[in-house]
Amino acid sequence: MQSPEYSSNSLDLQINGILEYVYRLPGLTCAACGATYGGSRILSISAPPQIRNDQRFMSRWPISEVEHAALQQELAGYLEEELISFVTFRPGDNFQPAYLDIPSKPTADFLWPNIRSFVVSERMKNMVFDELLDDVEIAPVQMRKVGKRPSAIPVSDTPGAAQYVELSHTNDSIGTYYQILVRSESDYPTGGRPVSTCPLCKHKSIDDEKRELIMKEEMWSGQQIFFLKTTLHVVVTESLVEKIKSVQASNVDFIPY
């Protein structure tokens, strides 16, 4: 399941906008395995008040494993979470809320403003995804900047915010949109099993040349929607495709595996 093909990047932006997460864990440079990386996992939990406007939790710039473990411990304390280092939280994790900047009033059932998640209308949430809570998590999107045209004058103090002239007419009200955070995965694809795992940061090394990005029946565990493991490819069953098509969902496409 994916976005349709658009005739231009500007049309893509016009329809889907950009989804931004302000609060996150930074990337990591690990002394044990030598890897420098940061993932893009999106958590359904909100950034605790203690880290709001804390620059340590607003940068993707990699830090050492010692500094990272300390940030994880601090964060777990704020959230009253039991911590398993580099498992409970990972380098690059993003926290709620998510802010949507879009230069036109959104009307589609599906929006594709982020590579890790997609966004759906309230009717699509109610008719399709509320029944899939074993495989996904659902979190509301915060509309930050919604406008008719790009603005040459800054209209937001939020770092990285797209600049749009806001809609101001009362008849331009916008329904609630929701992120769909896919949590299930297939088994490893052929050749995709890790060749090594760092004992400290848990980073998995994969031989990309041997990995076959093909979904096979024996890799499936019965979920209706899931990631092809080691990728961000969203795979859905034929029955779910038919359900989405039956409610005439807009701005979504399906490619057979």
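Structure: see above.
Residues numbered from 1 in each chain as written. Predicted model: local features only at pLDDT ≥ 70, side-chain atom pairs only at ≥ 80, totals over all residues. Heavy atoms only, no water.

1. Some words on the sheet that holds strand β10 (residues 136-140)
Read across the sheet, 4 strands follow the order β8-β9-β13-β10 without closing on themselves; strand pairing throughout is antiparallel. Each of the sheet's edge strands pairs with one partner strand only, and the pair in question is β8 (110-111) and β10. Relative to strand β13 (residues 177-182), strand β9 (residues 118-121) runs antiparallel, the two sharing 4 bridges. Bridge pairing in β13 links Ser-121 to Tyr-177. (Pairing = 2+ DSSP bridges. Helix = DSSP H or I, 4+ residues; strand = E, 2+ residues; numbered from the N terminus.)

2. Quick look at the sheet that holds strand β2 (residues 28-29)
Pairing between the strands of a sheet is mediated by backbone hydrogen bonds and can be parallel or antiparallel. With mixed pairing, 3 strands are arranged side by side in an open sheet as β3-β2-β5. Each edge of the sheet is formed by a strand with only one pairing partner; in this case those strands are β3 (36-37) and β5 (63-64). Examined bridge by bridge, β2 and β5 share 2 bridges and lie parallel to one another. Among the inter-strand pairings, Leu-28 is bridged to a residue of β5, identified as Ile-63.

3. What to know about the side chain of Asn-16
Here Asn-16 is to be found in helix α1 (residues 9-16). The exposure class of Asn-16 is buried, given its relative accessible area of 0%. There is a polar contact of 3.1 Å between the side chain of Asn-16 and the side chain of Tyr-6. In terms of polar contacts, Asn-16 uses its side chain to reach the backbone amide nitrogen of Trp-112, at 2.9 Å. Leaving out residues up to four positions away in the same chain, Asn-16 has contacts with Tyr-6, Leu-100, Ile-102, Phe-110, Leu-111, Trp-112, Pro-113 and Asn-251. (Buried < 20%, exposed > 50% of the residue type's maximum accessible area, 1.4 Å probe, protein only. Polar contact = N/O pair within 3.5 Å; in protein donor to acceptor, adjacent residues only side chain to side chain. Contact = heavy atoms within 4.5 Å.)

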